[in-house]
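Descriptive structure summary
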Amino acid sequence: MLKRLFGKVEETKEGEESIEEVRAQRDELSTLVAGISDAILAVDREGAPLFYNGQFAVLVGPERMNQGRSKLLEMIRDPDIVNAFRFTIEEGRIYQLKAVPILQKDKKKFYSLSVSPLRRPDRSVYGAVGMFHDVTELKLAEQMRIDFVANVSHELRTPLTAIKGYTDTLIADEKLGRPLETSFLEVISRNVDRLMLLIRDLLDLSTMDSSIDHLVKEKISTEELTTRIVSQMQQTFEGKQQSVTTTFNTGFVQADLKRLEQVLVNLLDNASKYSPAGGSIHVVWEADEEGEILLRIEDTGPGIPAEHHDRLFERFYRVDKGRQRETGGTGLGLAIVKHIMQRHGGAVWVQSDMGRGSRFTCQFPNDVTG
Ligand code: ADP
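The notes below deal with the structure included here. The structure presented is a predicted model; accordingly, all values stated were derived computationally and were not measured.

What counts as what
- Residues numbered from 1 in each chain as written.
- Predicted model: local features only at pLDDT ≥ 70, side-chain atom pairs only at ≥ 80, totals over all residues.
- Heavy atoms only, no water.
- Helix = DSSP H or I, 4+ residues; strand = E, 2+ residues; numbered from the N terminus.
- Buried < 20%, exposed > 50% of the residue type's maximum accessible area, 1.4 Å probe, protein only.
- Pairing = 2+ DSSP bridges.
- Axes fitted to C-alpha atoms, helices over the stretch in contact; angles between N-to-C directions.
- Contact = heavy atoms within 4.5 Å.
- Parallel < 35°, antiparallel > 145°, perpendicular 65-115°, else oblique.
- Left-handed = near helix turned anticlockwise from the far one by under 90°.
- Nonpolar A, V, L, I, M, F, W, Y, C, P; charged D, E, K, R; others polar.

**Overview of unusual backbone geometry**
- Unlike most non-glycine residues, Gln241 shows phi in positive territory, near 50°.
- Considering the arrangement of structural elements, one finds Gln241 in the loop between helix H10 (234–239) and strand E7 (243–248).
- Look at Gln241 and you get exposed, because its relative accessible area is 56%.
- Here Phe316, not a glycine, exhibits a phi torsion of approximately 70°, which is positive.
- Among the structural elements, Phe316 can be located in the loop between strand E10 (293–299) and helix H12 (321–326).
- Overall, Phe316 belongs to the buried group, its relative accessible area being 8%.

**Here we look at the sheet that holds E10**
- Pairing is mixed across the open sheet formed by five strands, whose spatial order is E7-E9-E10-E12-E11. One side of each edge strand has no neighbouring strand; the edge strands of this open sheet are E7 and strand E11 (347–352). With direction set aside, neighbouring strand axes in the sheet form an average angle of 15°.
- Judged from the six bridges that link them, E7 and strand E9 (residues 280–287) form a sheet pairing that is parallel. Pairing of Thr247 across the sheet is with Val284, part of E9.
- Helix H11 (residues 257–273) rests against E9, E10 and strand E12 (358–364) of the sheet, and its axis sits at about 20° to E10.

**Thoughts on the packing of helix H8 (residues 182–209) against helix H13 (residues 333–343)**
- It is the contact of H8 with H13, at a shortest axis distance of 10 Å, that shows an interaxial angle of 20°. When the interaxial angle is binned, H8 and H13 end up roughly parallel. By crossing handedness, the relation of H8 to H13 is classed as left-handed. Between H8 and H13, the residues in contact are Asp201, Asp204, Leu205, Met208 and Asp209 and Ala335, Ile336, His339, Ile340 and Arg343, respectively.
- When its residues are assigned to classes, the contact of H8 with H13 shows five nonpolar, one polar and four charged.

Keep in mind these numbers describe shape, not what the thing actually does.
Laid out in structure tokens, this is it:
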């Protein structure tokens, strides 16, 4: 369509159509192109712009646009893009690029580009038109998948390497008639536990990612649920002489019971795990002015430096990578909490200062409160 319109404009120059028709076609072209969400740039054989739309101006940025229209291709500064236009003009063929990075206001965005030749009625090429389609989100999702697989492989390899090493030693000892080293079996058992936890969390996340996981919301008593979970985890707290106190300023929350239990367990487990022995943990349920239900879990642990707060809920993110992998966590607990809260239409965030403990807040939207 675009090509046809450009073609017509060319024909008109040869006097075959009236000025009104040319204007009408130009208006038609502008309306059409303004409605397209992709950035469009058409250039002549020398690379001077014949046409570009608003999205292209956004892509290039106002400061570069102001540097003069004759240099648009150079302003893009990307040799791959310039070559794509050059190739199309010289060869008269379509040229495509999958994901070219373009810096926009210090942010790297990715565009797919398809450049097509512009032809006169005699088929000679007088320029090229390129369509830039934003594929940044796709590219980021792809990168996340790649990182995730790399992380999972790494997390699996560590306990597997330990299991393999200790079993081989046990087999060698057995052949040499040495006595059975039970501490080796304990290491193996601990690493198998870790693998099982990891697989459980991975399966949980993948179920929540898939569409088969439906939340079944019900009216849940905040007190009944919290008391039950805290008593189930009593051993964990007693093992570190930690006390747990509760406050119920709101009676009910509308949520999926299994998922909410998981949120509480994960946050309480962290509060205990990362706090020293003798600390205290406080669980508060309350409603804010908008009627949203808030669940707060506060501890008197070491706190989390502010620079980690943004990334804390990412899969496999740990503040102290080496040490915290050893403490037994999978690095997925908070990612699961975030996922569950998002599925409920709510949110989770952390407030923490070094040396002053941490406070995790889960917010349930008021449209689901009971
Ligand atoms: P993990 O399985 O390692 O506990 P999480 O996703 O639950 O993974 O937590 C991610 C990281 O956040 C932890 O490794 C830890 O560094 C930090 N963290 C979480 N909760 C707390 C807390 N209450 N106090 C201090 N650090 C915490």
